[in-house]
Amino acid sequence: MTTSPSSAATRGRPSDLWTGLALLLIAAAMAGGALQFPLRGTYAGVKNAWYVSPALFPLIVATCLCLLAVTLIVTTVRSGVLADRGSLASALAGQGDVVLIAGIIAAFVVGLVPRVDFVVAGFFFLLAFTLAFHVHEPRVAKLALGAFFATTLVLLVMAGLGLTPVVRTAAASLVDLAVLLVAVGTFVAARAMTTDATARHRMGQCLAVALATPLLLGITFKFFLLVPLPREGLVVVALETVYYAIRGAL
Amino acid sequence: MAVADQLLAFAAAIGHLLSQPTLVVVLMGSSLLGIVFGALPGLTATLGVGLLTTLTYGFDLDLALVSLIALYVGAIYGGSYSAILLNIPGTAASAASAMDGYPMARAGEGGRALGLTTTASFIGTLLGMLALVLTAPLIVELALQFTSYEFFLLALFGIIISGSLTSPDLVIKGWIAGFLGLALACIGRDKLMYYPRYTFDIHALDSGIEVVPVLIGAFAIPQIIGTLRSKAPLAAVQAVGRIIPDFRTIARNLRHIVRSALIGVGIGAVPGVGEDIAGWVSYGAAKNGSPHPERFGQGEPAGLISSETANNACIGGALIPLVTLGIPGSPPAVMLLGALMLHGLTPGPMLSIQQPTFLVELAAIMVLASAAMWLNGIVLARQVVKLLRVPATLFLPIVALLAVLGSYALGLNLTNLYLMVAVGIAAYVLTEMDYPIAPLVIGVILGPMADENLRRALMVSQGDPLDFFTRPVSLVLIAAILLTVLAQVPAWRRWRQSLLARFRRRG
């Protein structure tokens, strides 16, 4: 196989061997799954033939993926890039930020969004994310991310134990309030950590963004686009009260 | 007579759109939002269209199309701001614009450079629209003769060609990305027998993979991770000065404009290949055809005009296969396809029958979108430039929150959120290993079309695959697919070269 015209000098990379093997596994799993689908006979009253079978297309795709994976492996082995172990090591190095950013987003989606009022969850997410990357103070970043991940973990453990309260109850509001207090406490503690004027100015920017964005988005989606938010608790209920009071007054 | 009717319908569509104040406000606002999205390094036109799609869910079709097209046009143009003033292209589409735009800004001609890109982008969009209007009916006429055989092969060709042309490394990686997209498209109940495939008893997966969360994840998450990880500090923004349209320079470069528009339209029409390649190819053509190639890269207006005309003309080109065949021509067009499907429209040849006025309306919207872009560009450019000082560390987390809320809002289920994050992280890993993302999302979109049409074709032929070789268009598509694949096989290329050498010797 050759390279695309955009970069004729490239010749693959050592990790291609591993992605090739992973692709082989994916193709095998896909084909294995497809073989469980009805290939012939009658399904749900519909007479089947091999060319109508729901397995046909997945089997073709799995076969093509398998062929492509084998070609990738052979190309990688033949190209000699496997000897270039340095590039594999350097590729693995410096992935800390990647894991961190992916972790923040994943923790927000899996831990906070289904369990905490959307505006509160969004506030904590943006506060932790911006404090970690915008302020450029390692201690502040550690504190913000530590508090964020610890809160997410507690919420996941609670969910695992079946302790997630039903939405729009006093218990759910208590959870929302606790998360809000942790977020505010994190900000206060982070601000006390440094006297540097630039860092403090940046922290102010983080707070402004974290406060305004989820509130504006929440109001826009809930009241103007009429789209329910993933979880509506403490703040959304308060917003509803204000919104309907204004509408009633008008 | 037919042309006169079309022109009347076009004028009526423009009048109808402009008679609605809400629509005009949305047009101007979306165009400005697009310019901001394009201008900020780290945000792209594709991402902008994807995120706006989730907001337009409740809009009627006209309003949704106006906002999406206006944002698309604005974002492709907006990328030139940071390219010219920071030497960092806001979008990949404007990478070539930095070559001459930045030297112009450094020489104190930032305002003139922005004026030139504004006008060149405006003309490019209009020429792209013209190409769309002129060619689409012809392609639709041909495509109406297509049957399941051709549609299956067309989907396959779309994936193979986009894989071949977008891969930054080995071409095979582009094909792998495309087939991974097809694999993802297999999830859900199949269309013919309604049998659940790879759903693992998760009911949310019964209807298949939701396209928009996949698109948002595939484009937003790698962008957020990649930009934040690079930690590149922003360079000082060059002074802008007065924004001058400079029609005299535009008139002097008319031949560059026409050639660049043709290049943009041609490249845009190729599935999955987008505005960035159009910009570079057009820049290269202008440089090669110039009597003073040494001036390129030193602040030559012709270079800037060429790349900006081409990347905006590419929009019309990318819409040609989208509207006529249901195959998106560029990554933002992939997002647009997702948006159209969300609004109950299935692009393809049948669209002209189901909605006979769609093409004329689309042309009218493109004209208005380019006019809005030009107005915003000339009047508000200096204000937008101020936004270039906002660091990515502040706005990218906001984009992440928008991506999460947008993915949820479409189906109101958390599965879409998990899907968005999983696809996003996988897309980042693939990007890092030099796999292109465009073929993957094209695979997800075209997968159901390929699956259903393959089986329908085989049902017609009672399982005889030889029927694929009995139809002329089908044969052409098979030949195109085979040649595209064979072109990457060294033995085939050696044989072709030796054959050509033999012919040359005889000649």
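Up top you'll find the structure we're talking about.
Here the structure is a predicted model, which is why all the values come from computation and not from measurement. (Residues numbered from 1 in each chain as written. Chains lettered and ligands numbered in written order. Predicted model: local features only at pLDDT ≥ 70, side-chain atom pairs only at ≥ 80, totals over all residues.)

Chemist: I'm lost on the overall build of chain B in this one. Help?
Modeler: Scanning chain B from terminus to terminus reveals 20 helices and two strands. For 507 residues, the compact-globule formula gives about 23 Å, and the C-alpha radius of gyration of chain B, at 23 Å, lands near that figure. The principal-axis extents of the C-alpha atoms in chain B amount to approximately 70 × 70 × 55 Å. Looking at chain B as a whole, 60% of its 507 residues are labelled buried. Summarising the internal contacts of chain B: among those between residues at least 6 apart in sequence, 78% fall at separations of at least 24. (Helix = DSSP H or I, 4+ residues; strand = E, 2+ residues; numbered from the N terminus. Rg over C-alpha atoms; globule rule 2.2 N^0.38 Å. Buried ≥ 20, exposed ≤ 12 C-beta atoms within 10 Å, placed from the backbone. Contact = placed C-beta atoms within 7 Å.)

Chemist: What exactly am I supposed to notice about the overall build of chain A here?
Modeler: For chain A, the helix and strand inventory stands at nine helices and two strands. Sequence-ordered secondary structure for chain A, helices as α and strands as β, is α-β-β-α-α-α-α-α-α-α-α. For chain A, the proportion of its 250 residues judged to be buried stands at 37%. Taking all contacts inside chain A whose residues are at least 6 apart in sequence as the whole, residues at least 24 apart take part in 73%.

Chemist: Explain the nonpolar core to me, please; I cannot follow it from the model alone.
Modeler: Counting 248 residues, the largest nonpolar core has A:Phe124, A:Leu127, A:Ala128, B:Tyr72 and B:Val441 as its most contacted members. Ranked by the residues each element gives to this core, the list is headed by helix H5 (residues 97–143) of chain B, at 18 residues. Each of domain 1 (10–92) and domain 2 (96–249) of chain A gives at least three residues to this core. Once residues lying within four places of it in the same chain are set aside, the contact partners of A:Ala128 are A:Ile104, A:Ala144, A:Leu145, A:Ala147 and A:Phe148. (Core = buried A, V, L, I, M, F, W, Y, C linked by C-beta atoms within 7 Å. Domains from an automatic or database assignment.)

Chemist: Even after reading the chapter, I still don't get H5(B), so can you show me in this structure?
Modeler: Count 3.6 residues to each turn of an α-helix, and residues three or four apart come out pointing the same way. Residue and element names in this part refer to chain B. Across its 47 residues, H5 extends only 36 Å between first and last C-alpha, which sits more than 12% below the 69 Å expected from 1.5 Å per residue. Along its length, H5 shows its largest kink, about 135 degrees, at Gly108. Within H5, 34 of the 47 residues are buried, which leaves the element mostly enclosed by the surrounding structure. (Expected span 1.5 Å × (residues − 1). Bend = angle between axes of the 7 residues up to and from the residue.)

Treat this as a map of the structure, not an account of what it does.
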